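# Descriptive analysis of the structure
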Amino acid sequence: MAQPNGKPAKVEEEHAINCQDLVYAFQEGAESALTGATLQLPRGARCLLVGANGAGKSTMLRILAGKRLTKTRCCRILGQDVFMNPPGGVIYLGTEWSNNPVVRGDIVVSEFLDSVGGYRHKVRRDRLLSILDVDLDWHMHQISDGERRRVQLCMGLMTEWDVLLLDEVTVDLDVLVRSDLLAFLVEESETRGATIVYATHIFDGLTVFPTHIAHLQLGATPDDLVMWDTKRPTEDLFNLALNWIRVDRDLRREQEKARGRERGPKNDVSLLYTR
């Protein structure tokens, strides 16, 4: 289809995130962390990424953020190839940030935020300072892990992002700050069409947050993407996640047993004398 000026019309990307059959191993010949995971989300979606420890959630989010390379051919965000033509407006926030020695140095929060452009986004920055209950006079090396996490979130969210990838970053927040933050994220998705993928193991207070729920099982997505009605949920979110992860554990145990591996106590007493 052509526009009135004769130029081809721009095709609107149907999905904000369109990644199919993601495969990834940390090194050649190693067991794959992802074995065919697929995630397709429309613009404005708020997706919970649910899975057991070691299911590949963090790996998947880092691939979507362009922080890990994979040979998967279809991995597009906002219509652009994540690896060949990375899109702007994608924010990844993970737990490793707070362990960086730089953000644990003796620097005042106001100076830290200005050093990453906070003065250019004063309105959004100030709103987030209020939501996250951050004191601009804090010294980064004197505050708690939870307070340092709030600074990270303020830093990451103060620009207008299009896709937000959250990897367990609310684990250090108290329930009030977490609730206010989630309300802010819902507003961002509903008013600006921003898309969110949120990996977490904390499901309290999340019933009205997601529009979609994805299940990651041992590096794959065995179930169809769940469409979640925030106003009239048909299932209990906690029990849905609990049942999925219980099935995941049983499957993992079967696979490990077939390979001669077993977690927990060992039955062979001789093992005690071979170490």
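Residues numbered from 1 in each chain as written. Predicted model: local features only at pLDDT ≥ 70, side-chain atom pairs only at ≥ 80, totals over all residues. Heavy atoms only, no water.

Looking up the protein chain in an unreviewed UniProt entry gives the name P-loop containing nucleoside triphosphate hydrolase protein, with the organism given as Dioszegia hungarica.

Membership of the largest hydrophobic core comes to 47 residues, with the highest contact counts inside it found for Leu 132, Val 151, Leu 157, Leu 164, Leu 185, Phe 209 and Ile 213. Tallying contributions element by element places helix 5 (residues 175–192) first for this core, with six residues. Not counting chain neighbours up to four residues away, the residues in contact with Val 151 comprise Val 109, Phe 112, Leu 113, Val 134, Trp 138, Met 140 and Ile 143. Residues Ala 16, Ala 37, Val 82 and Val 197 belong to the second largest nonpolar core, which totals 29 residues. (Core = buried A, V, L, I, M, F, W, Y, C linked by side-chain atoms within 4.5 Å. Buried < 20%, exposed > 50% of the residue type's maximum accessible area, 1.4 Å probe, protein only. Helix = DSSP H or I, 4+ residues; strand = E, 2+ residues; numbered from the N terminus. Contact = heavy atoms within 4.5 Å.)

Turning our attention to the sheet that holds strand 3 (residues 46–50). Read from one edge of the open sheet, six strands run 6-7-8-3-9-10, paired in mixed fashion. Strands with a single pairing partner mark the edges of an open sheet, and in this sheet they are strand 6 (90–93) and strand 10 (226–227). Note: strand 7 (residues 163–167) against strand 8 (residues 195–199), five bridges, orientation parallel. Counterpart to Leu 164 in the pairing with strand 8 is Ile 196. Sitting on the sheet, helix 1 (residues 57–64) touches strand 3, strand 6, strand 7 and strand 8, and the angle it makes with strand 7 is about 155°. Contacting strand 3, strand 7 and strand 8, helix 5 runs over the sheet at an angle of about 125° to strand 3. (Pairing = 2+ DSSP bridges. Axes fitted to C-alpha atoms, helices over the stretch in contact; angles between N-to-C directions.)

We now examine the pattern of salt bridges. Working definition: two side chains of opposite charge can pair if their charged atoms are close together. This structure, assessed with the given rule, holds 17 salt bridges. Across the salt bridge formed by Arg 125 and Asp 114, the nearest N and O atoms sit 3.9 Å from each other. A residue pair is termed long-range when its members are at least 10 positions apart, and Arg 125 in helix 3 (residues 122–131) and Asp 114 in helix 2 (residues 109–115) qualify at 11 residues. Residue class for Asp 114 comes out partly exposed when judged on its relative accessible area of 32%. Across the pair Asp 250 and Arg 249 runs a salt bridge, and its minimum N-O distance is 3.9 Å. The partly exposed category is assigned to Asp 250, whose relative accessible area is 36%. Residue Arg 249 is classed as partly exposed on the basis of its relative accessible area of 36%. Connected via shared salt-bridge partners are Glu 31, Arg 252, Glu 256, Arg 259, Arg 261 and Arg 263. (Salt bridge = Lys/Arg side-chain N within 4 Å of Asp/Glu carboxyl O.)

As a further point, take the side chain of Glu 188. Relative to the elements of secondary structure, Glu 188 occurs in helix 5. Excluding its chain neighbours within four sequence positions, the residues that come into contact with Glu 188 are Arg 124, Trp 161, Gly 193 and Ala 194.

Turning our eyes to something else, we now look at the sheet that holds strand 4 (residues 75–77). Across the sheet, which stays open at both edges, the four strands sit in the order 2-1-4-5 with antiparallel pairing between neighbours. Of all strands in the sheet, those bounded by a partner on one side alone are strand 2 (34–41) and strand 5 (80–81). The pairing of strand 1 (residues 17–24) with strand 4 spans three bridges and is classified as antiparallel. Its bridge partner lying in strand 4, Cys 19 is registered against Cys 75.

Owing to its 3.6 residues per turn, the α-helix aligns residues three or four sequence positions apart on the same side. Summarising burial for helix 1: six of the eight residues are buried, a large majority. Every buried residue belonging to helix 1 is among Lys 57, Thr 59, Met 60, Leu 61, Ile 63 and Leu 64, and all of these are buried. Positive phi shows up at Gly 66, right after helix 1, with a value of about 80°.

The subject of this paragraph is the environment of Thr 207. If you trace the backbone, Thr 207 turns up in the loop between strand 8 and strand 9 (212–215). Measuring from C-alpha to C-alpha, the distance between Thr 207 and Ser 110 comes to 35 Å, with 97 residues separating the pair along the chain. Those residues in contact with Thr 207 that sit more than four places away from it in its chain are Trp 228, Thr 230, Pro 233 and Leu 237.

Turning next to unusual backbone geometry. Positive phi outside glycine occurs at Leu 78, with the angle close to 55°. Relative to the elements of secondary structure, Leu 78 occurs in the loop between strand 4 and strand 5. At Asp 133, a residue that is not glycine, the phi angle is positive and equals roughly 55°. The topology assignment puts Asp 133 in the loop between helix 3 and helix 4 (145–157).

What follows covers the packing of helix 4 against helix 5. The geometry of helix 4 relative to helix 5 is characterised by a closest axis approach of 13 Å and an angle of 10° between their N-to-C directions. Relative to helix 5, the element helix 4 lies roughly parallel. Where helix 4 approaches helix 5, its residues Arg 150, Leu 153 and Leu 157 are matched on the opposing element by Val 177, Leu 181, Phe 184 and Leu 185. Classifying every residue of the contact of helix 4 with helix 5 by side-chain character gives six nonpolar, no polar and one charged. (Parallel < 35°, antiparallel > 145°, perpendicular 65-115°, else oblique. Nonpolar A, V, L, I, M, F, W, Y, C, P; charged D, E, K, R; others polar.)

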